[in-house]
Amino acid sequence: MNRKTKNILVVLLLLTNLVFAQEKKIDFYGAGRFNMINSGIEGNILRQDTTNPRKQQSGYALFDLGFHIRPNENTEIKATTRVENDLNGFWGAGINYQLRELYLRGLLFKKIAFQVGDLNTKMTPLTLYNFTEEAGENQVKALQLFQEINHYDKFYGNNSWRQQGAQANIAFDFKKYINQVKVSGLITKNKQTDYFSVPDRLFSGFTVATKSLNHLQVAYHMAQTFDVQNTAMFSNSHFKNSVHTITLKDEYQWANWLLGVDIEMGKSLVNYNEYQTQVKTPEGNSMNGTIALKNNTRKISVELGMNYTTTSFRSMGSQSRRINWDQIAAQFPYYTNREIPRPAGLIEIMTDPGFLNTQLNPQLSYFDPQYENIRPYGIATPNRQGLTASVSWKHPFHDCVQLKVSYLNEQEITGQGTTQLRQFNELRAQAKIQLNELYGGKKKFDLELSYKKQETHRAGNKTIDGIHLNSEFIKAGMNYVLFDELSIELAAILFSASGNEFIANRNTVNDIDFFSAYKTQLKERIYIGGLNYQFGANTCLKIQYQQASRDNGLDIEKNYTLHRFAVIYNLFF
């Protein structure tokens, strides 16, 4: 037994003694997971390959153990450790120990709530927000566990970013005109200095929110990122990004109808100072709002939205992306004798955690337009203006049928490389049906369907400024309970994209240097079948077969099909 293992065992024994000695002051929680994947690859991509294997086995087992310690009524400590063992490591050679989470939370003067250490940070869609990744919305049930695991490991939570620092908030109650005023703030470290050429970078946020007696909520938000000068000896660079927004929320009730209003508007400021040369980005502006009308009796709702975000709007906290296209797939990463990275497909985006980003980035990161070209940076995507509309309906009894249709129409505010403007259209449809509720069956039988179509168009000659890009997503899933705990899961995901685009090549200060021509003629198919055994609300065993094919009509030599057999056991306690 090595020294590190002995130390961990000693700590566990001491904490166990504390539990018995101080009842209710320490709670344990945790998670366990076993993942084994047997994969194979075939197709044209292997024709010129004489060294790469055609099959791979991978997997791991891990255990998270958390301690929830309350020394007194005003202090709380949370710490989570992880022990992970790669299935390719024998006799402890592949074991990895890490402190996964640590923070202290407390109450000062019985008024000020604070937390230091690891933070799950989130403000508003224009200041600090972690938007859902491509292909992540309306995920089929067969792949939901993969998505939940990835989000758990990356601490995505409820559209939040995991950062380290401190945050605090205090609330004041009133009895006239205003019901409550809440003040909150945070400061985190975004980048570590190397003491020579890279300075420290901090992110700070501040909110003052008021709630009136008639439920009107008005709030001011400020998010700021800035370099700390003199923390790097040989650096004259300085970056600062400030975003100021005001949000307004209100509700009006009459009879069975509820009218809700949600608006956010603000501006951004960016300054770069690099090698004595100052670059100041023009002030950016953004305004987003929705009006929603709901009827709780008929269970129907209608929502109208508008968006106006200028070309120069910059917000590091809301324009950082989850998907990092610079990563390489974990399985079969290279082809042509291990010389060229294999082009990743949808199956990697939805299941491979290596493609998920955890850092706030000041640059507008690259995105693949065939998967998402309208709002690659969420609602904070710059150079957009337009309208959205959606209608949703639920069956009046047991919500056994849920339907939703939405439409988006936007265009650019300023042209990129031309006076012509891109036009964007998006149609979405979603249906969830509990068939057993409709025909009176005793065994649960669920169907889920979703459809998304995006179209980008810009008038002009295709060789110069003309653009016409189409993409379609179809997701279908079925879940049928065979016995009380055992169910069968089937799913199909169909994707196609065709057309052309021009991708903006940006420098370090987000200015466009040039445009790269982009063409696509792609089809992807994912078929899934398997069994799910549910031990309880938080524990399951999943055995699944996945087949994913990628057909590139412009480069058939890169076509391939993946076959994967996966076994996953996941639990929380």
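Look a little higher up for the structure.
Residues numbered from 1 in each chain as written. Predicted model: local features only at pLDDT ≥ 70, side-chain atom pairs only at ≥ 80, totals over all residues. Heavy atoms only, no water.

### Points about the nonpolar core
Part 1 of the argument: Grouped together as the largest cluster of nonpolar side chains are 50 residues, with contacts concentrated most on L346, Y371 and I526.
Part 2 of the argument: Ranked by residue count, the leading element in this core is helix 2 (residues 141-154), at 5 residues.
Part 3 of the argument: Setting aside residues no more than four positions away along its own chain, L346 makes contact with A135, Y371, F473, I493, F495, E524 and I526. (Core = buried A, V, L, I, M, F, W, Y, C linked by side-chain atoms within 4.5 Å. Buried < 20%, exposed > 50% of the residue type's maximum accessible area, 1.4 Å probe, protein only. Helix = DSSP H or I, 4+ residues; strand = E, 2+ residues; numbered from the N terminus. Contact = heavy atoms within 4.5 Å.)

### Let's talk about unusual backbone geometry
Part 1 of the argument: Backbone geometry at F332 places phi at a positive 45°, although glycine is not the residue there.
Part 2 of the argument: Checked against the element boundaries, F332 lands in the loop between helix 3 (316-319) and strand 14 (334-335).
Part 3 of the argument: Positive phi is not limited to glycine here, since N383 has a value of about 65°.
Part 4 of the argument: For N383, a relative accessible area of 2% gives the class buried.

### Observations regarding the pattern of salt bridges
Part 1 of the argument: All told, the structure shown has 25 salt bridges when counted by the stated rule.
Part 2 of the argument: Close ionic contact of D227 with R201 constitutes a salt bridge, the shortest N to O distance being 2.7 Å. Of this pair, D227 sits in strand 9 (residues 217-227) while R201 sits in strand 8 (residues 201-212), placing them 26 residues apart in sequence.
Part 3 of the argument: In this structure, D446 and K444 form a salt bridge, with 3.7 Å as the shortest nitrogen-oxygen distance.
Part 4 of the argument: On the basis of relative accessible area, D446 is assigned to the buried category, the value being 17%. (Salt bridge = Lys/Arg side-chain N within 4 Å of Asp/Glu carboxyl O.)

### Observations concerning the pairing of strand 7 (residues 178-191)
Part 1 of the argument: Summarising the sheet, strand 6 (residues 161-173) and strand 7 pair through 9 bridges and their orientation is antiparallel. Its bridge partner being in strand 7, D173 is matched across the sheet by Q180.
Part 2 of the argument: Connecting the antiparallel pair strand 6 and strand 7 is a turn made up of 4 residues, with Y177 showing a positive phi of about 70°.
Part 3 of the argument: Alignment of strand 7 against strand 8, held across 12 bridges, turns out to be antiparallel. Among the inter-strand pairings, L186 is bridged to a residue of strand 8, identified as G205. (Pairing = 2+ DSSP bridges.)

### Observations concerning the packing of aromatic side chains
For any pair of aromatic rings, geometry is given as the distance between the ring centres together with the angle between the planes.
Part 1 of the argument: Evaluation of the coordinates by the stated rule reveals 14 aromatic pairs.
Part 2 of the argument: Between the aromatic rings of F445 and Y480, the centroid separation amounts to 5.2 Å while the plane-to-plane angle is 80°, which identifies the pairing as edge-to-face. Here the residue F445 occupies a position in strand 19 (residues 445-458), and Y480 occupies one in strand 20 (residues 467-481), the gap between them amounting to 35 residues.
Part 3 of the argument: Judged by centre distance (4.8 Å) and plane angle (65°), the ring pair of Y533 and F535 falls under edge-to-face.
Part 4 of the argument: Classification of Y533 as partly exposed rests on a relative accessible area of 31%.
Part 5 of the argument: Residue placement shows R100 over the ring face of Y152; its charged tip is 4.5 Å from the ring centre.
Part 6 of the argument: Taking the ring centre of Y156 as reference, the NZ or CZ of R322 above it sits at 4.2 Å. (Phe/Tyr/Trp six-rings, centres within 6.5 Å; stacked < 30°, edge-to-face > 60°. Lys NZ or Arg CZ within 6 Å of the ring centre and 35° of its normal.)

### Considering helix 2
Part 1 of the argument: For helix 2, built from 14 residues, the straight-helix expectation of 20 Å at 1.5 Å per residue is met to within 8% by its first-to-last C-alpha distance of 20 Å.
Part 2 of the argument: Turning to helix 2, its buried residues number three or more, namely A142, L143, L145, F146, Q147, I149, N150, H151 and D153.
Part 3 of the argument: Looking one or two residues past helix 2, F155 carries a phi angle of roughly 60°, positive in sign. (Expected span 1.5 Å × (residues − 1).)

### Notes on the side chain of R458
Part 1 of the argument: As for its placement among the helices and strands, R458 is situated in strand 19.
Part 2 of the argument: The buried charged residue R458 lacks any salt bridge partner; its closest oppositely charged side chain belongs to E412, at an N-O distance of 4.7 Å.
Part 3 of the argument: There is a polar contact of 3.4 Å between the side chain of R458 and the backbone oxygen of Q416. (Lys, Arg positive; Asp, Glu negative; His and termini not counted. Polar contact = N/O pair within 3.5 Å; in protein donor to acceptor, adjacent residues only side chain to side chain.)

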